[in-house]
Amino acid sequence: MSPGPQLWHLLQALVSISACLNCLQILWNKTFGTRLKRETAEEPLSVQSLRFLQLELSEMEAFVNQHKSSSIKRQTVITTMTTLKKNLADEDAVSCLVLGTENKELLVLDPEAFTILAKMSLPSVPVFLEVSGQFDVEFRLAAACRNGNIYILRRDSKHPKYCIELSAQPVGLIRVHKVLVVGSTQDSLHGFTHKGKKLWTVQMPAAILTMNLLEQHSRGLQAVMAGLANGEVRIYRDKALLNVIHTPDAVTSLCFGRYGREDNTLIMTTRGGGLIIKILKRTAVFVEGGGEVGPPPAQAMKLNVPRKTRLYVDQTLREREAGTAMHRAFQTDLYLLRLRAARAYLQALESSLSPVSATAREPLKLHAVVQGLGPTFKLTLHLQNTSTARPVLGLLVCCLYNEALYSLPRAFFKVPLLVPGFNYPLETFVESLSNKGISDIIKVGPTLVPCGR
């Protein structure tokens with residue numbers, strides 16, 4: 001056999017191998033390169049590509065042969081949805097569908113062709129949506145996400161403009177006029193502006209299961225309904241509690257609006273599968289109840305503040321200029337006061353002048369009261385047993401003094417049985433013998449003696 005055909009087959013094999021290597025390189029760049037960029041969301045992967053990356057090497061060829069003829073589509077899951085008026089704010093005007101998806105995107109669909117009119121990206125997956133305005137004019141979109149944040153987007157923004165960081169996961173998001181009311185897993189309602197400023201907080205008596213808007217067009221009323229785990233449905237206008245509805249079971253969903261011929265109807269579903277329908281009377285008026293209605297009336301009273309004097313202004317300027325030096329002087333005096341108190345306490349312990357015994361063997365408390373102007377004084381000793389259940393027996397109290405300065409007719413006491421918790425007074429008189437007004441310390445201390453002496 002001539003070498004021509006063999007060489008030709010060899011060249012064909014080399015070309016096939018080179019083409020396969022090129023295909024593998026392109027596939028590697030398309031898959032793993034995109035996998036590295038997934039965080040920036042520049043080239044998100046489709047479901048087929050994600051499934052292909054999870055296969056073993058032996059299964060990849062069969063997977064490619066199976067799906068090589070089908071077009072690659074990136075499908076996702078809808079997590080939340082709402083409606084946005086197209087160009088008019090009327091109740092029966094055309095609305096666009098706003099979708100929140102699992103791949104962290106918000107999509108605004110055309111009401112006729114169902115094409116994507118706008119696409120916005122979020123840092124996390126949205127779970128609650130609230131919109132205001134019209135799509136062709138101006139609109140704001142608030143999205144509560146799984147990372148515990150609320151993002152605010154406007155008409156021309158592809159990314160969030162404001163971010164509201166919550167301390168807990170959101171369980172509901174309602175817009176009341178220009179206030180965003182958020183329910184959290186900490187059993188509380190929070191009010192925020194569209195720029196993220198917190199306005200108020202109301203604590204709930206139980207966990208919040210569902211939230212919805214109550215809008216009474218005839219009276220221009222907008223309020224928030226919150227279904228709680230204890231079987232209550234609370235209606236709030238800002239911080240004010242308007243009404244409480246008690247249900248036989250915990251409410252899991254709420255809807256307020258037109259039902260049949262009635263404009264104001266509340267429909268509730270319970271955890272056990274029940275359905276509750278309540279119709280609001282046309283003459284009903286909501287009155288603020290005993291909830292938190294804001295600051296007390298005394299806070300609005302005007303105080304009679306005196307006018308600023310020249311001395312006050314000079315003192316303010318002095319404190320502003322020498323604030324650091326004044327603070328240092330204050331800290332120095334505070335440290336000296338603590339040092340003097342510690343030294344006095346140590347001296348009292350060393351000289352046994354403490355009124356409380358430091359040993360567990362003698363759980364006693366002793367303090368003295370001196371009455372009189374002199375030269376004769378009345379000395380009253382108050383003795384107390386500080387133990388919890390152990391009485392003290394066989395206790396003697398003696399007074400040590402300078403006999404050249406003082407005279408005590410009774411300087412030795414035999415104390416009776418000391419019951420815990422009772423105060424025992426011991427009285428004696430002290431006469432001063434000095435004509436020059438010289439004084440000295442009289443030491444008083446208890447002593448335990450063995451029983452039987």
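Cut-off values and rules
Residues numbered from 1 in each chain as written. Predicted model: local features only at pLDDT ≥ 70, side-chain atom pairs only at ≥ 80, totals over all residues. Heavy atoms only, no water. UniProt positions renumbered as here; feature names shortened; annotations may be inferred. Helix = DSSP H or I, 4+ residues; strand = E, 2+ residues; numbered from the N terminus. Buried < 20%, exposed > 50% of the residue type's maximum accessible area, 1.4 Å probe, protein only. Contact = heavy atoms within 4.5 Å. Areas by Shrake-Rupley, 256 points an atom, 1.4 Å probe, with all protein chains shown as cover. Pairing = 2+ DSSP bridges. Axes fitted to C-alpha atoms, helices over the stretch in contact; angles between N-to-C directions. Patch = residues over 30% accessible without salt bridge, like charges linked within 9 Å, V, L, I, M, F, W, Y side chains within 5 Å. Salt bridge = Lys/Arg side-chain N within 4 Å of Asp/Glu carboxyl O. pLDDT = per-residue confidence, 0-100. Phe/Tyr/Trp six-rings, centres within 6.5 Å; stacked < 30°, edge-to-face > 60°. Lys NZ or Arg CZ within 6 Å of the ring centre and 35° of its normal.

If you look the chain up in an unreviewed UniProt entry, it shows as BBSome complex member BBS1 from Rhinopithecus roxellana. Under the Subunit (unreviewed entry) heading, UniProt states for the chain: "Part of BBSome complex, that contains BBS1, BBS2, BBS4, BBS5, BBS7, BBS8/TTC8, BBS9 and BBIP10. Interacts with the C-terminus of RAB3IP. Interacts with CCDC28B and ALDOB. Interacts with PKD1."

Draft legend 1. Region of interest: the overall build of the chain. Looking only at helices and strands, the chain features five helices and 26 strands. Counting only residues that meet the buried cut, the chain has 30% of its 453 residues in that class. Expressed as a percentage of contacts within the chain between residues at least 6 apart in sequence, the contacts between residues at least 24 apart total 39%. For the chain, the accessible surface area stands at approximately 30,200 Å², while carbon and sulfur atoms represent 56% of it.

Draft legend 2. Expanded view of the sheet that holds strand S9 (residues 170-176). Read from one edge of the open sheet, four strands run S9-S10-S11-S12, paired in antiparallel fashion. Looking at which strands have only one partner, the edges of the open sheet turn out to be S9 and strand S12 (198-203). Ignoring which end each strand starts from, the neighbouring axes of this sheet average 20° apart. Note: strand S10 (residues 179-184) against strand S11 (residues 188-192), five bridges, orientation antiparallel. Its bridge partner being in S11, Val181 is matched across the sheet by Gly191.

Draft legend 3. How the structure looks around a nonpolar patch on the surface. On the surface, Tyr259, Leu275, Ile277 and Ile279 cluster together to form a nonpolar patch covering roughly 420 Å² of accessible area. In terms of residue count, the dominant contributor to the nonpolar patch is strand S19 (residues 275-279) (three residues). Turning to its location among the elements, Leu275 is positioned in strand S19.

Draft legend 4. Looking closely at the sheet that holds strand S18 (residues 262-270). Within the open sheet, the three strands sit side by side as S17-S18-S19. Their pairing is antiparallel. The strands lining the two open edges of the sheet, one partner per strand, are strand S17 (251-259) and S19. Taking the axes of each pair of neighbouring strands and ignoring which way they run, one obtains an average angle of 20° across the sheet. Taken together, the five bridges between S18 and S19 define a ladder with antiparallel strand orientation. Residue pairing for S19: Ile267 is matched across the bridge by Ile277.

Draft legend 5. Quick look at the side chain of His382. For His382, the position within the fold is in strand S21 (residues 376-385). Since its relative accessible area comes to 18%, His382 is described here as buried. Residues contacting His382, with those up to four places away along its chain left out, are Lys365, Leu366, His367, Val369, Asn423, Tyr424 and Pro425.

Draft legend 6. Main features of the confidence of the model for the chain. Summarising the model, the chain shows a mean pLDDT of 79, and 82% of its residues fall at 70 or more. Per-residue pLDDT, averaged within each element of the chain, yields its smallest value for helix H1 (residues 3-36) (54) and its largest for helix H4 (residues 310-321) (90). In this model residues 34-42 is a low-confidence stretch, pLDDT under 50, and it forms seven contacts with partners more than four residues away in sequence or in other chains. Note on residues 449-453: pLDDT under 50 across the span, and three contacts to partners over four residues away in sequence or across chains.

Draft legend 7. Local environment of the packing of aromatic side chains. Enumeration over the complete set of coordinates arrives at two aromatic pairs. When the ring of Phe135 is compared with that of Phe139, the centres are 5.8 Å apart and the planes differ by 20°; the resulting orientation is stacked. No difference in accessibility class separates Phe135 from Phe139, as the two residues are buried. Over the face of the ring belonging to Phe135 we find Arg155, whose NZ or CZ atom lies 5.9 Å from the ring centre.

Draft legend 8. Layout of the pattern of salt bridges. Scanning the model with the defined rule gives seven salt bridges in all. Put simply, Glu102 and Arg146 hold a salt bridge, and the shortest N to O gap is 2.8 Å. Residue Glu102 is found in the loop between strand S2 (95-101) and strand S3 (105-109), and its partner Arg146 is found in the loop between strand S6 (138-145) and strand S7 (149-154); the two are separated by 44 residues along the sequence. Overall, Glu102 belongs to the partly exposed group, its relative accessible area being 33%. Accessibility expressed as a relative area gives 43% for Arg146, which makes it partly exposed. For Asp314, the salt bridge identified is with Arg310, shortest N-O distance 3.4 Å. One end of the pair, Asp314, and the other, Arg310, are both in helix H4, four residues apart, so they sit about a helical turn from each other.

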